[in-house]
Amino acid sequence: IYVDAARVTGTPLAYAATFPATPSLFSITAGYRAFLIQDTLITTTQPQMSFAENLQQTANYTIFMYDTLTSPKQKIVVNNIIIPADTTARVRFANFIFSRTAVPNVDIFSLKRNANVFTNVAVTDVTGYIPYASALTDTLYVRETGTSNLLATMNGFNPVRKRSYTLVFRGRYQTTGTTGVARLLSSFSSN
């Protein structure tokens with residue numbers, strides 16, 4: 001990843017990975033910035049992604065890269081990080097499942113809460129953060145909106161207090177199982 005022609009990643013990113021791999025962040029000066037995301041392998045089939053964004057001072061952002069290796073797309077969203085005053089964590093949901101045909105919106109159901117925590121989220125939508133109980137292991141289910149049709153399960157979601165997390169529904173909608181493109185729900189810490 002390059003910003004204004006300066007490389008910001010120290011090591012290459014693996015497919016389906018996050019950068020940075022830990023909740024640590026990196027800084028970019030506010031203002032209009034040019035991004036270039038490219039595969040540096042000589043044998044690459046992935047086209048470069050080049051885009052610009054006007055970054056605000058003191059704001060935090062996440063860049064989601066999605067679609068396919070041969071037709072990559074990106075979406076940049078502001079991370080509205082607020083450190084809770086109590087012992088809760090904060091969680092948001094991003095729907096970046098891939099499909100060449102239209103697919104239903106999804107709900108995220110929490111087994112601990114016995115209720116949906118996010119509802120009717122369309123592909124490429126990113127919700128805002130919500131308060132979430134910390135230090136309690138939860139099981140989360142991705143379902144077609146308004147149904148019990150199970151699309152993916154995340155076992156062992158255990159957010160740490162005062163942290164902000166993003167849940168991402170990703171992979172290929174039509175693929176189940178454990179292959180590299182199988183649909184799944186994953187998470188990463190935003191702070």
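Let me sum up the structure you'll find in this document. (Residues numbered from 1 in each chain as written. Predicted model: local features only at pLDDT ≥ 70, side-chain atom pairs only at ≥ 80, totals over all residues. Heavy atoms only, no water.)

Digging into the sheet that holds strand β12 (residues 150-157)
Phase 1: One open sheet accounts for 4 strands, arranged β9-β8-β11-β12; its pairing is antiparallel. Of all strands in the sheet, those with a lone pairing partner are β9 (115-121) and β12, marking the two edges. Averaged over all pairs of adjacent strands, the angle between strand axes in this sheet comes to 15°, irrespective of strand direction.
Phase 2: Bridging between strand β8 (residues 106-110) and β9 involves 4 bridges; their strand directions are antiparallel. Residue pairing across strands places valine 106 opposite valine 121, the latter belonging to β9. (Pairing = 2+ DSSP bridges. Helix = DSSP H or I, 4+ residues; strand = E, 2+ residues; numbered from the N terminus. Axes fitted to C-alpha atoms, helices over the stretch in contact; angles between N-to-C directions.)

Thoughts on the pattern of salt bridges
Phase 1: For the structure on display, the rule yields 2 salt bridges.
Phase 2: Aspartate 4 is the salt-bridge partner of arginine 33, the closest N and O atoms lying 3.0 Å from each other. With arginine 33 in strand β3 (residues 31-37) and aspartate 4 in the loop between β1 (2-3) and β2 (6-7), this residue pair connects regions lying 29 residues apart in the sequence.
Phase 3: Overall, the relative accessible area of 39% leaves aspartate 4 in the partly exposed class. (Salt bridge = Lys/Arg side-chain N within 4 Å of Asp/Glu carboxyl O. Buried < 20%, exposed > 50% of the residue type's maximum accessible area, 1.4 Å probe, protein only.)

Considerations on the sheet that holds strand β7 (residues 89-95)
Strands in a sheet are paired, the pairing made by backbone hydrogen bonds, and the direction either parallel or antiparallel.
Phase 1: Overall, mixed pairing links the 4 strands, which are arranged β10-β7-β13-β14 in an open sheet. Looking at strand neighbours, the two that pair on one side only are β10 (130-132) and β14 (184-189), the edges of this open sheet. Across the sheet, the axes of successive neighbouring strands diverge by a mean angle of 35°, strand direction being ignored.
Phase 2: Pairing of strand β13 (residues 164-170) with β14 involves 6 bridges; the strand directions are antiparallel. Note that in β14 the partner of threonine 166 across the bridge is phenylalanine 188.

Remarks on the packing of aromatic side chains
Phase 1: This model, assessed by the stated rule, comprises 8 aromatic pairs.
Phase 2: Between phenylalanine 64 and phenylalanine 96 the ring centres are 4.7 Å apart and the planes differ by 20°, which places this aromatic pair in the stacked class. Here phenylalanine 64 is found in strand β5 (residues 60-68), whereas its partner phenylalanine 96 is found in the loop between β7 and β8, with 32 residues between them in sequence.
Phase 3: Looking at phenylalanine 64, the relative accessible area reads 6%, which means it is buried.
Phase 4: Here phenylalanine 64 and phenylalanine 188 contribute two aromatic rings whose centre-to-centre distance is 6.4 Å and whose plane-to-plane angle is 55°, an arrangement assigned as tilted. Residue phenylalanine 64 is found in strand β5, and its partner phenylalanine 188 is found in strand β14; the two are separated by 124 residues along the sequence. Considered together, phenylalanine 64 and phenylalanine 188 belong to a single accessibility category, that of buried residues.
Phase 5: An aromatic cluster is defined as three or more aromatic residues linked by ring pairs; in this entry it consists of Phe64, Tyr66, Phe96 and Phe188.
Phase 6: Over the aromatic face of tyrosine 132 sits the side chain of arginine 113, whose NZ or CZ is 4.5 Å from the ring centroid. (Phe/Tyr/Trp six-rings, centres within 6.5 Å; stacked < 30°, edge-to-face > 60°. Lys NZ or Arg CZ within 6 Å of the ring centre and 35° of its normal.)

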